[in-house]
Amino acid sequence: MSNTIWSVDEHLEDVLAAVEPLEPIELQLPDAQGCVLVEDVTVPLALPPFDNSSMDGYAVRVADVAGASEEFPAVLTVIGDVAAGSGELPSVGPGEAARIMTGAPLPPGAEAVVPVEWTDGGTGGGAATGMRAASDAPEGAGGEVRVHRPAEARAHVRARGSDVQAGDLALAAGTVLGPPQIGLLAAIGRGTVKVRPRPRVVVLSTGSELVQPGEKLGEGQIYDSNSFALAAAARDAGAIAYRVGAVTDDAETLRATVEDQLIRADLLVTTGGVSVGAYDVVKEALSSVGDEDEAGGGIDFRKLAMQPGKPQGFGSIGPDHTPLLALPGNPVSSYVSFELFVRPAIRTLMGLPDVHRPRARAALRADNALTSPAARRQFLRGTYDADASAVTPVGGSGSHLIAALAQADCLIVIPEDVTSVEPGSEVEVVLLG
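Just so it is clear, the model here is predicted, and its values are computed rather than measured.

**What about the nonpolar core?**
Counting residues in each nonpolar core, the largest one holds 41 residues, and the members touching the most others are Leu267 and Ile346. For isoleucine 346, the contacting residues outside a window of four places in its chain are Pro199, Val201, Ala234, Ala237, Ala239, Leu267 and Phe338. Counting 20 residues, the second-largest nonpolar core is a separate cluster that includes Val258, Leu262, Val281 and Leu286.

**Some points on unusual backbone geometry**
Residue proline 48 follows leucine 47 across a cis peptide bond; omega there is -15°. Mapped onto the fold, proline 48 is located in the loop between strand E4 (41-42) and strand E5 (52-53). Residue proline 308 follows glutamine 307 across a cis peptide bond; omega there is -5°. In this structure, proline 308 sits in the loop between strand E20 (306-307) and strand E21 (311-317). For histidine 321, which is not a glycine, the phi torsion comes out positive at approximately 50°. Among the secondary structure elements, histidine 321 is positioned in the loop between E21 and strand E22 (322-327). Backbone geometry at alanine 375 places phi at a positive 65°, although glycine is not the residue there. Mapping alanine 375 onto the fold places it in the loop between strand E24 (370-371) and strand E25 (377-385). In this structure alanine 375 comes out as exposed when scored by relative accessible area, which is 54%.

**Let's talk about the pairing of strand E14 (residues 200-206)**
The buried fraction of E14 is high, at six of seven residues. Note: E14 against strand E17 (residues 240-247), six bridges, orientation parallel. In the strand pairing of E17, valine 201 is matched with alanine 241. Where E14 and strand E18 (residues 267-271) come together, five bridges link them in parallel fashion. Among the inter-strand pairings, valine 202 is bridged to a residue of E18, identified as leucine 268.

**Points about the packing of helix H5 (residues 226-236) against helix H8 (residues 331-349)**
Orientation of H5 relative to H8, taken along the N-to-C sense of each, is 25°, at an axis distance of 10 Å. It follows that H5 is roughly parallel to H8 by the angle criterion. Crossing geometry of H5 relative to H8 is assigned as right-handed. Touching Asn226, Leu230, Ala233, Ala234 and Asp236 of H5 are Pro331, Ser334, Tyr335, Phe338, Arg343 and Ile346, all from H8. Residue classes in the contact of H5 with H8 are distributed as seven nonpolar, two polar and two charged.

Calculation criteria
Residues numbered from 1 in each chain as written. Predicted model: local features only at pLDDT ≥ 70, side-chain atom pairs only at ≥ 80, totals over all residues. Heavy atoms only, no water. Core = buried A, V, L, I, M, F, W, Y, C linked by side-chain atoms within 4.5 Å. Buried < 20%, exposed > 50% of the residue type's maximum accessible area, 1.4 Å probe, protein only. Contact = heavy atoms within 4.5 Å. Helix = DSSP H or I, 4+ residues; strand = E, 2+ residues; numbered from the N terminus. Pairing = 2+ DSSP bridges. Axes fitted to C-alpha atoms, helices over the stretch in contact; angles between N-to-C directions. Parallel < 35°, antiparallel > 145°, perpendicular 65-115°, else oblique. Left-handed = near helix turned anticlockwise from the far one by under 90°. Nonpolar A, V, L, I, M, F, W, Y, C, P; charged D, E, K, R; others polar.

Structure follows, in structure tokens:
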């Protein structure tokens, strides 16, 4: 470990320079959700692929219903049913109509669709309110229908290709695949797609004092919250997260655990054991891990000019040079460190164009001035009011105040050269929502 003090920006730059986007793979649609597309996808066939009805009603010729009214309805012979997915279509001749369902192809000869509400529904009575299912009333596919209103050509017909034409660009490379994009891919017949996969992130907390939630606390023990918070944060960033429960403060155990986890990790995150105490086991276990590797590697433990989160470790580990970020053990320090360094690394692995949280300028709402240590960039928790462009601090500056973190939706950034911020001053906020 060197005695150099790193700035937040230098450390982040170092992390991102060492992280490459993952190699693209072909995935089935359900597995591609949240991934970044690496190829332009063009439309192989027009959508919809055929002229189809936008209503339940009757497919007719325009001339046969011209001048139709309630008083003088057009009386047409019903020649059959056209349902969505129909194969053989009846041909509609002069004086004829075919019952048609929404989404069904327009049969040959027909020029428009008359909604069922404009007809007697084939009952011989007044205006129909709906159509009975073909299975309930097979006789509805025959007989006569009275049409009470005329229809223009192409009325209630969705034209072939009115959504997209064959050859159109459906989705551009770089698109993140959310539900509507997955739907479009399915609609154009794509079962698989080439994407950068979601990174696999292993989160490992250290400390002999840590107990898993749901178990009984002994003397001097606390619950392991960091591994849960950071695994959730990794999932929130788009990763597949694997949480490894707390590892005791023993360098050999930790080293063995890390080496076991490498098989399923694109990125490793540890929390705890990185400061200068006698039991700071992460530093002890990992300082030497990369040294046996001729190609370099290893973890560099640093002091950063920030609060919270001064002690940080970063490097690569194992035969594939898997990146590892060692975060401090204080819950707030570890979460702030995750937001600043790990989240951008995950999003870089995904190949996303923008890896950073959005930032905004906001007026400080506070009763007293906020103080900040000189030569350190301080990150305070806050709640952001977008309508008023204002931010209110939550909790104190202590790095252990996890209750305040749960109330916060942003981080208030106080630069290195500022030691006091008056109420009403403009500050930068990092939006976490």
